[in-house]
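A structural walkthrough
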Amino acid sequence: MTNLPDDRSTYLERLHTDLPGHIVDVFVYTVVLNLAIQYVPQLISETFTLSLFTAILLKFVLELIVSAKTRLKRNFRAASSRAGRVGAAVTLWLVLVGSKFLVIELTHLLFGDRVHLGGFWSVNGLIVVLMLARGGVRLLITPPELSPELRSPQPSPAPPAD
C-alpha cells in the first residue's frame, strides 16, 4: 500500500478497519429492505437473493452519497463569498435530490423489473429508514470505550486542592 496516493491508501486502510461495520450495514439494509418489501406494496423484489444484492447496491451508493455530501458541506463552510455559498448549497441540494433518482435508475439498470423500489418518495423514505437503522445498530454494537463521541460527556474531575 505504500505506492498508493495518500487519499487511496487512507481510504483502503479505513475500508479494511471498518470491514465488520460494512458487513453489519449490509445485513441491516437487507433486513430493512425485506421488511419494507413485505409491508410497502410499491416495493418489489422477486427473491431474497435479489434483495440482498439490492442491499449491497444501496450500501455502495449511500456511501458515495454520504461522502459527496460531506465534501459539499465542507465546501459550503469554506466558501467566502455569497455566490460560493449559494453554488455549494445548490450543488448539495442537487446531489441530495439526484441521489434518489440514481438509486432508482441503478436498481432498474441492474435488476430490471425483478426489483422495484417505487418512486422518488418511497426511495426517499427507504433511505431515511436505512440510515436510521444503520445508525441505531452501530450505536448498539459499538463498545463505549472505542467510541467516546457516542457517550455523553462526563464531567472532568475537580483539580486537587492546595
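What you see is a predicted model, and the numbers here were worked out from it, not measured in a lab. (Residues numbered from 1 in each chain as written. Predicted model: local features only at pLDDT ≥ 70, side-chain atom pairs only at ≥ 80, totals over all residues. Heavy atoms only, no water.)

On to the nonpolar core, then. Core analysis: the largest hydrophobic core is formed by 22 residues, its most contacted members being Leu-58, Val-103, Leu-117, Leu-126 and Leu-130. Elements with a minimum of two residues in this core: helix 2 (19–39), helix 3 (48–78), helix 4 (82–111) and helix 5 (120–141). Here the element with the most residues in this core is helix 3; it accounts for seven residues. (Core = buried A, V, L, I, M, F, W, Y, C linked by side-chain atoms within 4.5 Å. Buried < 20%, exposed > 50% of the residue type's maximum accessible area, 1.4 Å probe, protein only. Helix = DSSP H or I, 4+ residues; strand = E, 2+ residues; numbered from the N terminus.)

Right, let's get into the layout of surface pockets. In this model, the second largest pocket occupies a volume close to 230 Å³. Those elements giving two or more residues to the lining of the second largest pocket turn out to be helix 3, helix 4 and helix 5. In terms of residue count, the dominant contributor to the lining of the second largest pocket is helix 5 (five residues). Considered class by class, the residues forming the lining of the second largest pocket number nine nonpolar, two polar and two charged. (1 Å grid on protein atoms, 1.4 Å probe; cavity = no way out; pocket = protein on both sides within 12 Å on 5 of 7 lines; lining within 4 Å. Points joined across faces, edges and corners; volume = space filled by probe spheres on them. Nonpolar A, V, L, I, M, F, W, Y, C, P; charged D, E, K, R; others polar.)

With that settled, consider helix 4. Residues separated by three or four positions in an α-helix point in the same direction, a consequence of the helix having 3.6 residues per turn. Over its 30 residues, helix 4 runs 43 Å from end to end, which matches the ideal 44 Å to within 8%, given 1.5 Å per residue. A maximum bend of about 30° is found in helix 4 at Gly-98. By the burial criterion, the buried members of helix 4 are Ala-88, Leu-92, Ser-99, Lys-100, Val-103, Ile-104, Thr-107 and Phe-111. Elements that come into contact with the buried residues of helix 4 comprise helix 3, strand 2 (115–116) and helix 5. Gly-112 occupies a position one or two residues after helix 4 and carries a positive phi of about 60°. (Expected span 1.5 Å × (residues − 1). Bend = angle between axes of the 7 residues up to and from the residue. Contact = heavy atoms within 4.5 Å.)

Turning next to helix 2. Given a rise of 1.5 Å per residue, 21 residues ought to cover 30 Å, and the 30 Å separating the end C-alpha atoms of helix 2 matches this to within 8%. Every buried residue of helix 2 is listed here: Gly-21, His-22, Asp-25, Val-26, Val-28, Tyr-29, Thr-30, Val-32, Leu-33 and Ala-36.

Before going further, it helps to spend a moment on a nonpolar patch on the surface. Taken together, the side chains of Val-86, Val-90, Trp-93 and Leu-94 present a nonpolar region at the surface, about 410 Å² in accessible area. Its location among the elements puts Val-90 in helix 4. (Patch = residues over 30% accessible without salt bridge, like charges linked within 9 Å, V, L, I, M, F, W, Y side chains within 5 Å. Areas by Shrake-Rupley, 256 points an atom, 1.4 Å probe, with all protein chains shown as cover. Salt bridge = Lys/Arg side-chain N within 4 Å of Asp/Glu carboxyl O.)

Time to look at the pattern of salt bridges. Using the criterion set out here, one finds five salt bridges in the structure. Between Asp-25 and Lys-59 there is a salt bridge, with its nearest N and O atoms 2.6 Å apart. Taken together, the residues Asp-25 in helix 2 and Lys-59 in helix 3 connect sequence positions 34 residues apart. Given a relative accessible area of 1%, Asp-25 falls into the buried group. Lys-59 gets classed as buried once you look at its relative accessible area, which sits at 6%. A salt bridge links Arg-138 to Asp-25; the nearest nitrogen and oxygen atoms lie 2.9 Å apart. Of the two residues, Arg-138 is situated in helix 5 and Asp-25 in helix 2; the sequence distance between them amounts to 113 residues. The structure contains a network of salt bridges with shared partners spanning Asp-25, Lys-59, Glu-63, Arg-134 and Arg-138.

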